[in-house]
Every structure is written in structure tokens, then in C-alpha cells.
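So the chains spell out like this:
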Amino acid sequence: MMTEYPLFPLNPGREYAILQGHPWVFSGAFHRLPPAIPPGAVADVATATGEWVGRGHLNARNSLAFRMLTRDPSERIDEDFYVRRIERAAALRRLLPPEVTGYRLIHAEADYLPGLVVDRYDRWLVAQFSTAGVERQRAVILAALERAIQPTGMLVRDDIRVREREGLSVAGANVVMGHVPETSEIREGAVRYLVDPRIGQKTGFFLDQREKRARIAELAPHFTSLLNGFSYTGGFALAGLAGNPALRTVNVDSSVPALELARRNYTLNGHDPDQHEFHAIDISRYLQSAAEAERRFDIVVLDPPAFAKNMAAKERALRGYESLNSQGARVVASGGLLLTCSCSGAVDYAEFEGAVRLALVRAERVGQLLGIFGPSLDHPTLPGFLEDRYLKALLFRLE
Ligand code: SAH
């Protein structure tokens, strides 16, 4: 078959994963990849016998060489293509409740747009380009976003380390369309949050924890105190307060600016921050002193940053989860809840659960698992795309 894109055959049998819906092909699966092809060019792949398989972005400089864009040979990768993909992603998000005004609009591979993340904060979009493929088509993609979504402003953040793996530079945040305020306000049900899209973590907010925040809001009326470990801007505590305005909350985070924004979020939601606690301190030190003071909390949330970004760091990460969760479990009141999260891509569900199980033994606590949380509507994943399952959360009730 003749197409306008260069065609590269795979070694025999190596089309198997993509035919099953996996979006990646590693360089070793290709018969030959000429180094002259520009990183991120659009290319086609075929079976060893020349049958067309798919079209995607090719970067021969990365061992993760090919990312699938379409399985339709007649589909050109132009602005219209991106508009169609963005509209498809937007259609999925229309299933969210209307009172949710901050969500992930495009979740890369799982929205058939590898390398592209776009988060929506009310009328503003924040985009991240993490592969040479989307970087090469940046202008086309931004034009498509503007056409499909018509935001008030768009910001691009190039401060993500993964860009280096693709040979891209790491830089700051730039407004590329309209105007973007210092902080934008979003709603998640009854809760309002201020988001700093320029220097806030990720694109400004942990949108991927929304369902777990909602679960805490639902359970909060049964309890009186909540410890929000790794609180960032107060997300889980404010969700708890939405369910139970009398809840006593304690936020612990090593970042002073995050806690400052957390206090502003309390005020925004009608809670006096001076009636609650905000500690800019290492969580492990906080938990140790809380245990020594025999302080107990009805709900303990532990949502640390990724401990293992690669396989090599995995063993250390598992020991880290065990130690953190044993410290956390010690301060959970009898009959209280522990919501523990892991966003380490290299640690899978079973391994994480195993580490928490050991932690409970170490803390001499017995618990029941009440909930296992994975992907959510605006952070979809593809069947069999196990590399994508970074976020895991477990909800326990402890005796
Ligand atoms: N639960 C939050 C997101 C947490 S992100 C939400 O739903 O919005 C992880 C947070 O952990 C970051 O804010 C970071 O500043 C903080 N952090 C990282 N290491 C820490 C440590 N050792 N002790 C306390 N906080 C830490």
C-alpha cells in the first residue's frame, strides 16, 4: 500500500501488541530504523510481510520508538485529525457532573493522543507536550485545541523531565493563547479550589484524585478528625469538610507555598484556616511526633509523590511505602479509615497492597479493605496498557 508517510516493517510477529490495542512499539521490534528520519515524524508501520498496521509518531532516538495515532490508513495527521480526537476526548468528559469544572481533557495514549496531556481549569487549558511527535506538531495541536474547545486562555508547561528522554528541552510555562490568570478557580461538587497553573505541581492540581476526594466527603459525616498527609493545597481535607463542616483537619506538607494556597482554599470555602492545622514539615517526622503524643485521627490520608519512577527504584519504593504506612496506621483511631495512595508507575496493585499489608502487621493493626481505586473517567486507560496504571489507592478500616 502507498501512503504519503514513510513505511517501516516490523520483525515477524511483532505487530501482535498493537493489533491488540497497545499503543507502543519498541525499537527492537522494527526490522530497521534509519537514523536520518527526524524525531517525531509521522510514520506507518507494517508487518514483516508488508501489511499495513498503523500510523503514529516515530522517534528512533528513544527505545520507545513508535506511538500509535490511528489504525485507519486513510486518516491524515493534520489539524482536522487533532480536532476529531479532541472532540472525542471532550465527549467522554461530558459524562462528568456539570458541577465539576476542573478535569483532564486529554490523557495522552488513552485518548489516542500519545504524548499530549491537556487539563482544563474552568475556561483555561494547560497543555504538556512530552514526546517529539506532539512537539513537532505543537502549532497544529494548539490550533486544533483553540478550534475545538474555544478556551479563554491556554498555557503550555515544558517543565516536565520526561521531555529529556525524547531529546526535548525542559523549560518553563508560556501563555500561548489569550490570557491566563495567576490562579484560576475550579469546582468539584460543593468544593472550590484555587489552582496555580504556572508553578503548581503537575499542571496545578491533582485532578486524578477527585473520586477519592468525593469518597472522603461522603464518609466524613461519620467522623470528627482528619489528617491530610501530603496535603498539597488541602484537597482531601476540604472534601472532608464539605461532607462534615465540623471536621477537625490537619494538613501536613513539606511545601510552604502549597500550604499557603491551602489556607486560601479554606477561606474560599467558608472555613476559618485558624481553626485548623497546617504543618510545613516532613510527614515522617510529623507522624512520629503524633504517635509519641498518642494523637489519633479518624481519617488518615497518605498521598505521597511517586517513590519509584523506574524499575530500579522499585524495591526501595516498596520499603518506603511499608514504612510510611506503618507510621500512618499507628495514628489511625480504632474504627477509623486509612486512605493510602501510590502514584509510582513501577509499583503495581499487588505489590502496593503487599507493602501496606506488611505495614499493618508492623503497626500491629488489623484492617479491612473497603475500596480499591484506579483510573477515573477523565484519566481513562486502555485494556492491556499496563504501563499506564500509575495511580493506585486503597481504603482501609482499621480495628
Ligand atoms: N493529596 C494532594 C496531592 C499530593 S501531591 C491533593 O489531592 O491535592 C504530594 C505532596 O507531597 C506535594 O505537595 C509535596 O510538596 C509533598 N511532599 C513531598 N515529600 C514530602 C514529605 N517528605 N513530607 C511532607 N510532604 C511531602
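Residues numbered from 1 in each chain as written. Predicted model: local features only at pLDDT ≥ 70, side-chain atom pairs only at ≥ 80, totals over all residues. Heavy atoms only, no water.

### Notes on the state of the cysteines
Tallied over the entire structure, the rule returns 0 disulfides. With no disulfide of its own, Cys341 has Cys343 as its nearest cysteine by sulfur position, at a separation of 8.3 Å. On the basis of relative accessible area, Cys343 is assigned to the partly exposed category, the value being 22%. (Disulfide = S-S within 2.5 Å. Buried < 20%, exposed > 50% of the residue type's maximum accessible area, 1.4 Å probe, protein only.)

### Regarding the sheet that holds strand E6 (residues 102-107)
Taken together, 5 strands build an open sheet; the order of strands is E6-E7-E8-E9-E10 and the sheet is mixed. Bordering the open sheet on either side are E6 and strand E10 (173-178), each of which pairs with just one other strand. Strand-to-strand twist of the sheet, defined as the mean angle between neighbouring strand axes without regard to direction, takes the value 20°. (Pairing = 2+ DSSP bridges. Helix = DSSP H or I, 4+ residues; strand = E, 2+ residues; numbered from the N terminus. Axes fitted to C-alpha atoms, helices over the stretch in contact; angles between N-to-C directions.)

### Points about the nonpolar core
Among soluble globular proteins, nonpolar side chains are generally buried collectively. Core analysis: the biggest nonpolar cluster contains 35 residues, and Tyr121, Ile186, Tyr193, Phe205, Ile216, Ile299 and Leu339 have the highest contact counts within it. Ranked by the residues each element gives to this core, the list is headed by helix H6 (residues 235-243), at 5 residues. Ranked by size, the runner-up nonpolar core spans 31 residues in total, among them Ala308, Ala317, Val332 and Ala346. (Core = buried A, V, L, I, M, F, W, Y, C linked by side-chain atoms within 4.5 Å.)

### Considering the pairing of strand E19 (residues 392-398)
Here E19 lies mainly inside the structure; 6 of its 7 residues are buried. In the sheet, strand E17 (residues 332-342) pairs with E19 via 6 bridges, with the strands oriented antiparallel. Within E19, the position partnered with Cys341 by the bridge is Ala393.

### Remarks on the site of the ligand
Taken together, the neighbourhood of the ligand is formed by 15 residues, with Gln201, Asp253, Asp282, Ile283 and Asp303 sitting nearest. A distance of 2.7 Å separates a nitrogen atom of the ligand from a polar side-chain atom of Asp282. Looking at the shell around the ligand, its residues break down into 7 nonpolar, 4 polar and 4 charged. (Near = heavy atom within 4 Å. Polar contact = N/O pair within 3.5 Å; in protein donor to acceptor, adjacent residues only side chain to side chain. Nonpolar A, V, L, I, M, F, W, Y, C, P; charged D, E, K, R; others polar.)

### So, the packing of aromatic side chains
Following the criterion strictly, the structure yields 9 aromatic pairs and no others. When the ring of Phe30 is compared with that of Phe66, the centres are 6.3 Å apart and the planes differ by 70°; the resulting orientation is edge-to-face. Of the two residues, Phe30 sits in the loop between strand E2 (24-26) and strand E3 (41-46) while Phe66 sits in strand E5 (residues 64-70), which places them 36 residues apart along the sequence. No difference in accessibility class separates Phe30 from Phe66, as the two residues are buried. (Phe/Tyr/Trp six-rings, centres within 6.5 Å; stacked < 30°, edge-to-face > 60°.)

### Regarding the packing of helix H8 (residues 283-292) against helix H9 (residues 314-330)
In helix packing, the relevant descriptors are the interaxial angle and the interaxial distance, both defined with respect to the helix axes. Put simply, H8 and H9 touch, their axes get as near as 9 Å, and they point 35° apart. Between H8 and H9 lies a crossing of left-handed hand. Packed against H8, whose contacting residues are Ile283, Ser284, Leu287 and Gln288, the element H9 presents Leu324, Gln327 and Gly328 at the interface. Class assignment of the residues belonging to the contact of H8 with H9 gives a composition of 3 nonpolar, 4 polar and no charged. (Left-handed = near helix turned anticlockwise from the far one by under 90°. Contact = heavy atoms within 4.5 Å.)

### Section: the environment of Arg210
Inspection of the secondary structure assignment puts Arg210 in helix H5 (residues 210-219). Classification of Arg210 as buried rests on a relative accessible area of 8%. Spatially, the C-alpha atoms of Arg210 and Asp274 are 25 Å apart, while their sequence positions differ by 64 residues. Every residue in contact with Arg210, bar those within four places of it in the chain, is listed here: Leu96, Val100, Gly102, Tyr103, Glu188 and Asp378.

### What about the sheet that holds E3?
Reading across from one edge, E1-E3-E4-E5-E2 is the order of the 5 strands in this open sheet, with mixed pairing throughout. A single partner strand is all that each edge strand has here, and the edge strands are strand E1 (7-9) and E2. Going across the sheet, the axis of each strand differs from the next one's by a mean of 40°, ignoring polarity. Strand direction decides the pairing type here: E3 and strand E4 (residues 52-58), joined by 6 bridges, are antiparallel. Residue Ala41 lies in a different strand from E4, and its bridge partner there is Leu58.

### Re unusual backbone geometry
Non-glycine residue Gln150 carries a positive phi angle of around 50°. Inspection of the secondary structure puts Gln150 in the loop between helix H4 (138-149) and strand E9 (153-157). The phi dihedral of Tyr232 falls on the positive side, at around 50°, and the residue is not glycine. Mapped onto the fold, Tyr232 is located in the loop between strand E13 (225-229) and H6.

### Thoughts on the packing of H5 against H6
One way to put it is that H5 packs onto H6 with a least axis distance of 7 Å and a crossing angle of 35°. When the axes of H5 and H6 are compared, the crossing they make is right-handed. In this structure, H5 uses Lys212, Arg213, Ile216 and Ala217 to contact H6, whose residues at the interface are Gly235, Phe236, Ala239, Gly240 and Gly243. Each residue belonging to the contact of H5 with H6 can be placed in one class, and the counts come to 4 nonpolar, 3 polar and 2 charged.

### Brief notes about the environment of Arg71
Locating Arg71 in the fold gives a position in the loop between E5 and helix H2 (79-93). With a relative accessible area of 43%, Arg71 lands in the partly exposed category. Along the sequence, Arg71 and His379 sit 308 residues apart, while their C-alpha atoms lie 22 Å from each other. Ignoring anything within four residues of it in the chain, the contact list for Arg71 reads Ile18, Leu19, Trp52 and Val53.

### Brief notes about the side chain of His57
You can see His57 is positioned in strand E4. Here the side chain of His57 touches Tyr82 through a polar contact of 3.5 Å, side chain to side chain. Look past the residues within four positions of His57 in its chain and what remains in contact with it is Gly40, Ala41, Val42, Ala65, Phe66, Arg67, Leu69, Tyr82, Gly133, Val134 and Gln137.

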